[in-house]
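# A closer look at the structure
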Amino acid sequence: MRNHFKYIILGGGVAGGYAAREFVKQGLNAGELAIISKEGVAPYERPALSKAYLFPEGPARLPTFHVCVGSGGERLFPEWYTEKGIDLILDTEIVKADLASKVLISASGTVFSYDILIIATGSTVIKLSDFGVQGANAKNIFYLREISKADKLVAAIKTKKNGKAVVIGGGYIGLELTAAMKTNNFSVTMVYPGPWCMPRLFTAEIASFYEAYYTNKGVNIIKGTVVGFDTDASEEAKSVKLKDGRVLDADIVVVGVGGRPLTTLFAGQLEEEKGGITVQSEFLFALCGYYSYRLLLKVGKTDGCFRTSVPNVYAVGDVAIFPMIQYKEMRRVEHVDHARKSAEHAVKVIKAIEEGEPLQEYHYVPYFYSRFFDLSWQFHGDNDGETVLFGKNDPTSASRKFGAYWIKDGKVVGAFLESGNQEENKAIAWVAKHQPSISDPSLLKEKGVGFAIGTMRFNLLGAYVC
Ligand SMILES: Cc1cc2nc3c(=O)[nH]c(=O)nc-3n(C[C@H](O)[C@H](O)[C@H](O)COP(=O)(O)OP(=O)(O)OC[C@H]3O[C@@H](n4cnc5c(N)ncnc54)[C@H](O)[C@@H]3O)c2cc1C
């Protein structure tokens, strides 16, 4: 195996795959690039793991969701990497990084060296055992981050057919996993500390729609905190114990209580900054307290071009904290759209530097989505300021369509939409990016998504005429 590469991407996830495609677009010679990944498969669209991968009928399986299908692009099958002369080094965990010497060392002792490194190590799940929750190492407690873990959950779903599942966590992964378990005919209880699901994004009104929808589907929602598990002789959890004394029977426990950026390899070598808030954090606040939670938030600090404090080392995707120009602050984003775009941006920067061209900074407006049951929502922009809810939010109605706008300093800064069509979703993205002024917020309630469509069309037409 050759061990020196001009470029190494560390991490073969979403950002790793999109970065590889961008290198090829920009011009790459065979043998220049290696991707090193702990996982045993070529980069894939990770969000599929908590959605179609868990369907009981016709589940998604590789190779159908290799990157870059999630953004409408060509799928990069393992052969693609070979054809392009890219070394895809799988099943290889890097356990030591020496950025001063430009080397990475794998668990089996292989030493890799590079001229330019892109760190795309993503996040790892936070486990209940990290906080010493009693019984949290039981064999039937599942977490979802990598495909190997999803396979274990799929196997357990088959073994425990029609059983009882407890899903811990009320963020988007908890909601998606609950829907998946219910669709697999499990009797499901969802536990989170409240006050409502996805409190970092959803307002009480938005959450009440989803909570009612889930309850109508037969999901038992409990606002509570898990303090331990009773296990049996086979080391499986048989019940989940809550702080208020309640005990829930369980055949399977699935946990989605947040992630932690994987930056420990670079501790003390890169400038770091505390900041960014991971989804589902309320659970952790409840579980481990504010200060220990803050300690988990050390992330890799980059500039507007994803360059870290060490020359020729870039950080992209979940691990990067970067200047979010639209909001004038450093933020970290744990969503797939940013993983794709930050990876592409970093490669463009690398190539621009090589060719002596001017550098463009990353102008990013957050975009986040989720899908469960027959629901599908998108959020664009910033959820800061006053909110205005609009539309039909009756959870029993088939013609539901509702959303919310966030207004700050007289401008619409964020928009959420459930069950939007393509044009409506494009319009709320436009509004979040362009932040139109609004003098009368009641207009937003009255016009609903029509406000976003009308404003976008009017401005695009104006730009075209001019
Ligand atoms: C189940 C699930 C569902 C999701 N659904 C959505 C969604 O609906 N919408 C949305 O916007 N976002 C979603 N996300 C978030 C999104 O998938 C992530 O933000 C995105 O994958 C981040 O990309 P990344 O490349 O930074 O990290 P990852 O995709 O996690 O890739 C990191 C890669 O690096 C590898 N790695 C890490 N450390 C090492 C090491 N030391 N040596 C070698 N390899 C290493 C990992 O094994 C992994 O392959 C979801 C995430 C999960 C887990």
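Look a little higher up for the structure.
The notes below deal with the structure included here. Predicted, not measured: the structure shown is a model, and the values here were computed from it. (Residues numbered from 1 in each chain as written. Predicted model: local features only at pLDDT ≥ 70, side-chain atom pairs only at ≥ 80, totals over all residues. Heavy atoms only, no water.)

## Digging into the overall build of the chain
Across its full length, the chain carries 11 helices and 26 strands. By the compact-globule yardstick of 23 Å for 466 residues, the chain fits well, its C-alpha radius of gyration being 23 Å. Reported as C-alpha extents along the three principal axes, the dimensions of the chain are approximately 70 × 55 × 45 Å. Burial analysis of the chain (466 residues in total) assigns 54% to the buried set. Of all intrachain contacts in the chain linking residues separated by at least 6 positions in sequence, the fraction that spans at least 24 positions is 65%. Where the 53 positive side-chain charges of the chain centre and where its 51 negative ones centre are 2 Å apart. (Helix = DSSP H or I, 4+ residues; strand = E, 2+ residues; numbered from the N terminus. Rg over C-alpha atoms; globule rule 2.2 N^0.38 Å. Buried < 20%, exposed > 50% of the residue type's maximum accessible area, 1.4 Å probe, protein only. Contact = heavy atoms within 4.5 Å. Lys, Arg positive; Asp, Glu negative; His and termini not counted. Charge placed at Lys NZ, Arg CZ, Asp CG, Glu CD.)

## Let's talk about the site of the ligand
Residues in close proximity to the ligand total 36 residues, the closest being Ala15, Glu39, Lys51, Arg145 and Asp318. Measuring from an oxygen atom of the ligand, one finds a backbone N or O atom of Glu334 at 3.3 Å. Coverage of the ligand by the protein chains reaches 98% of its 1,000 Å² of free accessible surface. For the shell around the ligand, the elements supplying multiple residues, two or more each, are helix H1 (14-26), helix H4 (172-183), helix H8 (336-354) and strand E22 (367-372). The leading source of residues in the shell around the ligand is H4, at three residues. (Near = heavy atom within 4 Å. Polar contact = N/O pair within 3.5 Å; in protein donor to acceptor, adjacent residues only side chain to side chain. Areas by Shrake-Rupley, 256 points an atom, 1.4 Å probe, with all protein chains shown as cover.)

## Concerning H4
Its 12 residues give H4 an end-to-end C-alpha distance of 16 Å, which sits within 8% of 16 Å, the value for a rise of 1.5 Å per residue. Every buried residue belonging to H4 is among Tyr172, Gly174, Leu175, Glu176, Leu177, Thr178, Ala179, Ala180 and Met181, and all of these are buried. Turning to H4, the residues buried within the fold contact helix H3 (147-159), strand E9 (164-168), strand E10 (187-192), helix H5 (204-216), strand E15 (252-255) and E22. Asn185 sits one or two residues past H4 and shows a positive phi near 70 degrees. (Expected span 1.5 Å × (residues − 1).)

## A closer look at the pattern of salt bridges
The tally for this structure, following the rule as stated, stands at 26 salt bridges. A salt bridge links Arg21 to Glu344; the shortest N-O distance between them is 3.1 Å. Highlighted residues: Arg21 in helix H1 and Glu344 in helix H8, separated in sequence by 323 residues. Each of the two residues, Arg21 as well as Glu344, counts as buried. Between Arg246 and Asp244 there is a salt bridge, with the nearest N and O atoms lying 2.8 Å from each other. (Salt bridge = Lys/Arg side-chain N within 4 Å of Asp/Glu carboxyl O.)

## Observations concerning the packing of aromatic side chains
One pass over the full model with this rule turns up 28 aromatic pairs. Between Phe202 and Phe416, the aromatic rings sit 5.6 Å apart at their centres with planes inclined by 75 degrees, giving edge-to-face as the arrangement. With Phe202 in the loop between E10 and H5 and Phe416 in strand E26 (residues 411-418), this pair connects stretches of sequence that are 214 residues apart. Each of the two residues, Phe202 as well as Phe416, counts as buried. When the centroid spacing of 5.6 Å and the interplanar angle of 80 degrees are considered together, the rings of Tyr214 and Phe372 count as edge-to-face. Highlighted residues: Tyr214 in helix H5 and Phe372 in strand E22, separated in sequence by 158 residues. (Phe/Tyr/Trp six-rings, centres within 6.5 Å; stacked < 30°, edge-to-face > 60°.)

## Quick notes on the packing of H1 against H8
The interhelical angle for the contact between H1 and H8, taken along N-to-C directions, is 35 degrees, at an axis separation of 8 Å. Crossing handedness for the pair H1 and H8: right-handed. Of the residues in H8, those in contact with Val14, Ala15, Tyr18, Ala19, Arg21, Glu22, Phe23 and Gln26 of H1 are Val336, Ala339, Arg340, Ala343, Glu344, Val347, Lys348, Ile350 and Lys351. Considered class by class, the residues forming the contact of H1 with H8 number 10 nonpolar, one polar and six charged. (Axes fitted to C-alpha atoms, helices over the stretch in contact; angles between N-to-C directions. Left-handed = near helix turned anticlockwise from the far one by under 90°. Nonpolar A, V, L, I, M, F, W, Y, C, P; charged D, E, K, R; others polar.)

Honestly, it's all geometry; don't read function into it.
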